[in-house]
Amino acid sequence: MSEEQKKSDNRPRPTTEAFRAFVREGWAPRTGALPERAEVAPYAAARREAVSTAYPGERLVVPAGGLKVRSNDCDYTFRPHSAFAHLTGFRADCEPDTVLVLHPRSAADGGGHEAIVYTRPLAGRDTEEFFADARYGEFWVGARPTLEELEAEFGITARHIDELPDALAKDAGAVALRVVRDADRDIAALVDQIRREAGLTDEQVTESVDADDALAATLSHLRMVKDGWEIDQMRAAIDATKVGFEAVIADLDGAVQRGKGERWVEGLFGLHARHQGNGTGYDSICAAGDHANTLHWIKNTGEVRSGEMILLDAGVEVDSLFTADITRTLPVDGTFTDAQREIYDAVYAAQQAGMEAIKPGAKFSDIHAAAIRVIAERLHGWGLLPDGVSVEDTLDTETGQYHRRWMVHGTSHHLGIDVHDCALATREQYMDAELKPGMILTVEPGLYFKADDELAPERFRGHGVRIEDDVLVTETGYENLSAGMPRTSHDVEAWIAQVRGR
Ligand code: GLY
Ligand code: MN
Ligand code: MN
């Protein structure tokens, strides 16, 4: 904090020694009871083993990241970096500024790596932090875990963050040091400084940065096949998301009547996301009428009107940070018009084709190929492709692609701790890779006819439909994890009637 800021700080600041002595004393002893071992602990240990195998002899630094200022002295709610959460199992609120380090062990010590988390533990009641630190102090933001508590809960050795610089500098010239840079810029800068102090040239530091990026990509790819615990977290996120969608359906009338209905829908879903889990996994898209044609409509400033549809793309992130990503396009009055149903059923057919392409050994890109073929066929059937352009012509990736006017996005992405999970994986590892049991993917085709689209039939204008489900690749094919949320046009109508009738 600058001197100027200090001078202009107008909060009361107790300074007398008498006050400090007074605030130190008179607290009940801490119980000392340690938390139980988290269920995730052995799974996180297995993930660290996989990283260890990929990086023999190297020291790997995976920060959780710190608090980010929202404005002035207010921070955003903390969320640990996904690579850190995956490798430690730390929960949503646990714990800013912690850094996981995998220290290479010598062959004599058994090889592999030793995992240590460096963290800022609970400060004693005799410290200034205890009562006077608005960002970290127990009086202000609650008690942080002690080192012993973290070790007990997650089964990882915990040390004070002050030990981190020396722990990283140890053998820095001899042992390669890798850091996930985007997790915490301060830690990345510390690592670069240690590299320079260890005698690395500028060129070598640049090469090290490239290697850092490769580590981040490896950790992203490592999340592609989910373990049993992760699949259970995804099921929980999807169950919670259904609760949120049903709360929205139950009050569609309220959204129409109150005005600013999209905000009402956003709030309803957000309420249940926060109540069921950690919150929303991404900003909810609450897009009524023509807004559905804006793919990432998160302003949610519009009305919800009778006679229109509302596209709700939303997911609950549970406390372990795994998120659902589900879209339903709902007729506001409970019944699709003929034109709405025509579009909806085309998108449904595309989604079904996309899902049926999912099986071990198929390629990730097969999902989009199957879904987009149906989209292209429907558009061709409606006479919307340019004269003389066949389905095969438009599907040609070099010379066609006219259908993208009405569906510009991909059909699928990996899903997990990040809504767009594993995004740093290479093309070979992602788009061109074979599907494997344990992968979780969305299937989410759509058709979007803007109100001012003069090439669209008039009956379609101002309507956008997306249907998005979360699908697990199984040993023999797929399981639609969000099958509990009705999907066909008739089932959606029955669902709305049933939820509203409760
Ligand atoms: N909700 C963003 C997406 O569906 O990818
Ligand atoms: Mn998605
Ligand atoms: Mn989505």
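Note: the structure precedes this text.
Conventions and cut-offs
- Residues numbered from 1 in each chain as written.
- Chains lettered and ligands numbered in written order.
- Predicted model: local features only at pLDDT ≥ 70, side-chain atom pairs only at ≥ 80, totals over all residues.
- Heavy atoms only, no water.
- Core = buried A, V, L, I, M, F, W, Y, C linked by side-chain atoms within 4.5 Å.
- Buried < 20%, exposed > 50% of the residue type's maximum accessible area, 1.4 Å probe, protein only.
- Helix = DSSP H or I, 4+ residues; strand = E, 2+ residues; numbered from the N terminus.
- Contact = heavy atoms within 4.5 Å.
- Donors = N, O, S within 2.8 Å, 3.2 Å for Na, K, Ca; no water.
- Tetrahedral: all angles 85-135°; square planar, octahedral: opposite > 155°, others 65-115°.
- Expected span 1.5 Å × (residues − 1).
- Polar contact = N/O pair within 3.5 Å; in protein donor to acceptor, adjacent residues only side chain to side chain.
- Pairing = 2+ DSSP bridges.
- Near = heavy atom within 4 Å.
- Areas by Shrake-Rupley, 256 points an atom, 1.4 Å probe, with all protein chains shown as cover.

Peer 1: An account of the nonpolar core is requested, with residue identities and associated values reported.
Peer 2: Counting residues in hydrophobic clusters, the biggest one holds 106 residues, and the most contacted among them are Leu447 and Phe449. Examining the composition of this core, we find that nine residues originate from one element, helix α11 (residues 228–250), more than from any other. Not counting the four nearest positions on each side in its chain, Phe449 is found in contact with Asp290, Asn293, Ile343, Leu379, Trp382, Leu384, Trp406, Ala456, Phe460, Arg461, Gly462 and His463. Counting residues in hydrophobic clusters, the runner-up holds 16 residues, among them Val99, Leu164, Leu190 and Ile194.

Peer 1: Kindly report on the coordination of the manganese ion (ligand 3), identifying the contributing residues and their values.
Peer 2: Protein coordination of the manganese ion (ligand 3) is provided by Asp313 (OD), Asp313 (OD), Asp325 (OD) and Glu468 (OE), with donor distances spanning 2.0 to 2.4 Å. Coordination at the manganese ion (ligand 3) is irregular, judged from the six donor atoms that bind it and the angles of 57 to 171° they form at the metal. Each donor residue of the manganese ion (ligand 3) belongs to the same chain, with the gaps between them written as D-x11-D-x142-E. Here the manganese ion (ligand 3) and the manganese ion (ligand 2) are spaced 3.3 Å apart, with Asp325 acting as a shared donor. Taken together, the residues span a long stretch of sequence, with Asp313 in strand β10 (residues 309–314) and Glu468 in the loop between β15 (463–466) and β16 (469–473) at a distance of 155 residues. Under the relative-accessibility criterion, Asp313 is labelled buried at 5%.

Peer 1: Explain helix α9 (residues 185–197) residue by residue, including any values.
Peer 2: Here α9 is 13 residues long and its end C-alpha atoms lie 18 Å apart, about the 18 Å a rise of 1.5 Å per residue gives. Taken together, the buried positions of α9 are Ile187, Ala188, Leu190, Val191, Asp192, Ile194 and Arg195. The backbone nitrogen of Asp186 has a side-chain oxygen 3.0 Å away, supplied by the residue at the start of α9, namely Asp184. Looking one or two places after α9, you find Gly199, whose phi comes out positive at around 100°.

Peer 1: A description of the pairing of β16 should follow, citing residues and the corresponding values.
Peer 2: With five of five residues buried, β16 lies mostly within the body of the structure. Across the two faces of β16 the burial is the same, with Asp469, Val471 and Val473 and Asp470 and Leu472 all buried. Across four bridges, strand β13 (residues 440–443) lies against β16 in antiparallel orientation. Among the inter-strand pairings, Thr442 is bridged to a residue of β16, identified as Asp470. Counting the residues in the hairpin turn of β16 and strand β17 (residues 478–480) gives four residues.

Peer 1: Just give me the short version of the site of ligand 1, but keep the residues and values in it.
Peer 2: Around ligand 1, a shell composed of Tyr282, Asp313, Asp325, His413, His420, Glu444 and Glu468 is seen. Separating an oxygen atom of ligand 1 from a side-chain N or O atom of Glu444 is a distance of 3.0 Å. Against a free-state accessible area of 200 Å², the protein chains account for coverage of 90% of ligand 1.

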